[in-house]
Amino acid sequence: MFPGAAQDPVVSQNLVTDNVAVVEGETAIISCRVKNNDDSVIQLLNPNRQTIYFRDMRPLKDARFQLVNFSENELRVSLSNVSLSDEGRYVCQLYTDPPQEAYADITVLIPPGNPIIEAREEVLSEGNKTEMTCSAMSSKPAATIRWMKGNKELAGKPRVELTYDKMYTVTSRVAFTVSKEDDGVPVICIVDHPAVKDFRAHKYLEVQYKPEVKIVVEFPQGLTREGENLELTCQAKGKPQPQRVNWLKVDDDVPSHAVITGGDLYIENLNKSYNGTYRCVASNPLGESYDDYVLYVYDTAPSTEPAAHDSRAGEGAPRTVDHAVIGGVVAVVVFAMLCLLIVLGRYFARHKGTYFTHEAKGADDAADADTAIINAEGGHTNSDEKKEYYI
């Protein structure tokens, strides 16, 4: 009997039996049980009302029926190698007045054939939409189908057909868009049916995608300085795998003495004329991709050692000076110059006033200009000399 297939007991007064679900080809157990039996006779009839067992005797000449247990409270019979023709209502009958009957329905389960997955395309390109179908054929009852892509469940659209032999064929269709991460991921069709467990089919996705490109700095590990060597490696991965990669310098030519071997670029004795953007390009039938490395060559003996950095994508270029700092310095310089001009102006004005004062002192006692100058330079004294102060 199919495990767990027994349903709620069917009761008729003192007579009890159970419905049975059994997988085709396996064995069904039919049990007729009596509560408080008063020595009444128990018998089992098939769907055609033919007696299978009368007490412990089997009138029906079908050796697939075998007595499992007989007592005053139970008649238990097994039916081996069950087929679809055995399906129907079996009767447990108790000879009382009036007779009592209880009914056990045998349901035959027929598992589907192996699930079959079909794909619209065998090889996919990243970004394209694909469609798959999964079929579970000739089952009873109809199966249900679930879809998984890796660990993610997909929503399918089922269609159920009833065939001429009263079997069911279920077809489920699923559509989704693929990415490069889906390459090698299994798409699983899972068939759920009472007669089988973990019935599934797999199909692994093959997704082609354009290259992924990455430049790796092999040497130097820190800043790039004049006189040093530079070694870059271009790593390219795609499906199909790129057969070759190309190195170029954006808006200029690669230095003539640079050595390119496969995906490696090697430049000796760096100087500032080599500054610029170096690009690695890889391609396959799906497209072309590239990665850039910005080279900035530093002086051999910088006054202040800049922090170590990754020279990729322009991060090695000198940093921009803060404009606020520049503005502050200019303001201080202008203020200092203004202060200096004011001091010089006052100084020259003071000396000019002193000259005129001395000239006036000589003129007080002189008859002419020459005598006044001589008197001023000579510094003669008299008690009536005027004193003037420049304020």
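Provided above is the structure to which this section pertains.
Reading the values: rules and limits
- Every chain's residues receive numbers from 1 upward, in the order its sequence appears when written.
- For a predicted model such as this one, the threshold for reporting local features is a pLDDT of at least 70, and the threshold for listing and counting side-chain atom pairs is 80 or more; totals across whole chains, interfaces and linings nevertheless cover every residue.
- With hydrogens and water stripped out, all remaining heavy atoms of the structure feed into the side-chain values.
- For the purposes of this entry, the term helix denotes a DSSP run of H or I that reaches at least four residues, the term strand denotes a run of E that reaches at least two, and both are numbered from the N terminus.
- Only protein chains enter the calculation, and the probe is 1.4 Å; a residue is then buried if its accessible area is under 20% of its type maximum, exposed if over 50%, and partly exposed in between.
- Here, residues are in contact when the closest pair of their heavy atoms is within 4.5 Å.
- In this description, accessible areas are obtained by the Shrake-Rupley approach with a 1.4 Å probe, and a residue is regarded as covered only by the protein chains that are shown.
- Criterion used throughout: strands pair if DSSP finds at least two bridges between them.
- Each patch groups residues whose relative accessible area exceeds 30% and which form no salt bridge, using 9 Å between like charges and 5 Å between nonpolar side chains of Val, Leu, Ile, Met, Phe, Trp and Tyr.
- The salt bridge definition used is simple: a Lys or Arg side-chain nitrogen within 4 Å of an Asp or Glu carboxyl oxygen.
- The term polar contact refers here to a pair of N or O atoms within 3.5 Å; inside protein, the definition further demands a hydrogen-donor-capable atom paired with an acceptor-capable atom, and it admits residues adjacent in sequence only when both atoms are side-chain atoms.
- Lines are fitted to the C-alpha atoms to define the axes, a helix being fitted only along its stretch in contact, and any angle between axes, read from their N-to-C directions, falls within 0 to 180 degrees.
- Classification of ring pairs uses Phe, Tyr and Trp, with its six-membered ring standing for Trp, and accepts pairs whose centres are within 6.5 Å; under 30 degrees between planes counts as stacked, over 60 as edge-to-face, and the remaining range as tilted.
- We call a charge positioned over a ring when the NZ of a Lys or the CZ of an Arg lies within 6 Å of the ring centre and within 35 degrees of the ring normal.
- The criterion for a disulfide is a pair of cysteine sulfur atoms lying within 2.5 Å.
- By convention a nonpolar core is built from buried Ala, Val, Leu, Ile, Met, Phe, Trp, Tyr and Cys residues, the set being connected through side-chain atoms within 4.5 Å.

### Thoughts on the overall build of the protein chain
For step 1, the next point in the chain: Within the protein chain, the secondary structure is distributed over 2 helices and 26 strands.
For step 2, the next point in the chain: Going through the 391 residues of the protein chain one by one, you find that 35% of them count as buried.
For step 3, the next point in the chain: Long-range contacts, defined here as pairs at least 24 residues apart, represent 59% of the contacts in the protein chain between residues at least 6 apart.
For step 4, the next point in the chain: By element, 52% of the accessible surface of the protein chain is carried by carbon and sulfur atoms, the whole surface being about 23,700 Å².

### Quick notes on the pairing of strand S24 (residues 264-267)
For step 1, the next point in the chain: Residues Leu265 and Ile267 line the buried face of S24, whereas the alternating positions Asp264 and Tyr266 sit on a face that is not buried.
For step 2, the next point in the chain: Both strand S21 (residues 230-239) and S24 contribute to a ladder of 4 bridges, which runs antiparallel. Bridging from a neighbouring strand, Thr233 pairs with Asp264 of S24.
For step 3, the next point in the chain: Of the pairings in the sheet, the one linking strand S23 (residues 259-261) to S24 comprises 3 bridges and is antiparallel in character. Among the inter-strand pairings, Thr261 is bridged to a residue of S24, identified as Asp264.
For step 4, the next point in the chain: Hairpin geometry of S23 and S24 is characterised by an intervening segment of 2 residues between the two adjacent antiparallel strands and by a positive phi of about 60 degrees at Gly262.

### Quick word on unusual backbone geometry
For step 1, the next point in the chain: Of note, the bond from Asp97 into Pro98 is cis; its omega dihedral lies within 30 degrees of zero at 0 degrees.
For step 2, the next point in the chain: Topologically, Pro98 is positioned in the loop between strand S9 (88-94) and strand S10 (100-109).
For step 3, the next point in the chain: The phi dihedral of Arg49 falls on the positive side, at around 65 degrees, and the residue is not glycine.
For step 4, the next point in the chain: Relative to the helices and strands, Arg49 resides in the loop between strand S5 (42-45) and strand S6 (51-54).

### A look at a nonpolar patch on the surface
For step 1, the next point in the chain: On the surface, a nonpolar cluster with roughly 450 Å² of combined accessible area is contributed by Ile326, Val330, Val334, Leu338 and Leu341.
For step 2, the next point in the chain: Position of Leu341 relative to the elements: it lies in helix H1 (residues 323-363).

### Topic: the environment of Gln221
For step 1, the next point in the chain: For Gln221, the location among the structural elements is in the loop between strand S20 (207-219) and S21.
For step 2, the next point in the chain: Among the polar contacts made by the side chain of Gln221, one reaches the main-chain carbonyl oxygen of Glu218 at a distance of 2.8 Å.

### Some words on the sheet that holds strand S14 (residues 144-149)
For step 1, the next point in the chain: Across the sheet, which stays open at both edges, the 4 strands sit in the order S15-S14-S18-S19 with antiparallel pairing between neighbours. Edge positions in the sheet fall to strand S15 (152-154) and strand S19 (196-204), since each of these pairs with one other strand and no more. Across the sheet, the mean angle from the axis of one strand to that of its neighbour is 30 degrees, orientation sign disregarded.
For step 2, the next point in the chain: Two strands pair when backbone bridges link them, and S14 and S15 are joined in this way by 3 bridges, in the antiparallel orientation. Looking at the pairing, Lys149 lines up with Lys152 of S15.

### A look at the pattern of salt bridges
For step 1, the next point in the chain: All chains considered together, the criterion is met by 19 salt bridges.
For step 2, the next point in the chain: Glu74 is paired through a salt bridge with Arg76; the nearest N and O atoms lie 3.0 Å apart.
For step 3, the next point in the chain: Judged by relative accessible area, which is 11%, Glu74 ranks as buried.
For step 4, the next point in the chain: Among the ionic pairs, Asp192 bridges to Arg146, the shortest N-O distance being 2.8 Å. Placement of Asp192 in strand S18 (residues 186-193) and of Arg146 in strand S14 is noted, with a sequence separation of 46 residues between them.
For step 5, the next point in the chain: With relative accessibility at 29%, the residue Asp192 sits in the partly exposed group.
For step 6, the next point in the chain: Beyond isolated ion pairs, a larger network of salt bridges with shared partners links Asp62, Arg64 and Asp86.

### Points about the packing of aromatic side chains
For step 1, the next point in the chain: A complete count under the given rule lists 2 aromatic pairs for this structure.
For step 2, the next point in the chain: Positioned above the aromatic ring of Tyr290, the side-chain terminus of Arg279 is 3.9 Å from the ring centre.

### Some points on the state of the cysteines
For step 1, the next point in the chain: For the coordinates displayed, the defined rule picks out 3 disulfides.
For step 2, the next point in the chain: Disulfide partner of Cys134: Cys189, at an S-S distance of 1.8 Å. Between Cys134 and Cys189, the S-S dihedral sits near -70 degrees, and the bridge is therefore left-handed. Of the two residues, Cys134 sits in strand S13 (residues 129-139) while Cys189 sits in strand S18, which places them 55 residues apart along the sequence. Considered together, Cys134 and Cys189 belong to a single accessibility category, that of buried residues.
For step 3, the next point in the chain: The connectivity of the disulfide-linked cysteines in the protein chain, indexed sequentially, is 1-2, 3-4, 5-6.

### Some thoughts on the nonpolar core
For step 1, the next point in the chain: In this structure, Leu44, Ile52, Phe65, Leu75, Tyr90 and Ile106 are the most contacted members of the largest nonpolar core, which totals 26 residues.
For step 2, the next point in the chain: Looking at this core, the elements with two or more residues in it are strand S3 (20-23), strand S4 (28-34), S5, S6, strand S8 (74-79), S9 and S10.
For step 3, the next point in the chain: Aside from chain neighbours lying at most four places away, what touches Tyr90 is Ile30, Leu44, Leu45, Asn46, Pro47, Ile52, Phe65, Leu79, Ala102, Tyr103, Ala104 and Ile106.
For step 4, the next point in the chain: Membership of the second largest hydrophobic core comes to 20 residues, among which are Cys134, Val174, Val187 and Leu205.

### Things to note about the sheet that holds strand S12 (residues 124-125)
For step 1, the next point in the chain: The strand order S12-S20-S21-S24-S23 describes an open sheet built from 5 strands, whose pairing is mixed. At either end of the open sheet lies a strand with only one pairing partner, and these are S12 and S23.

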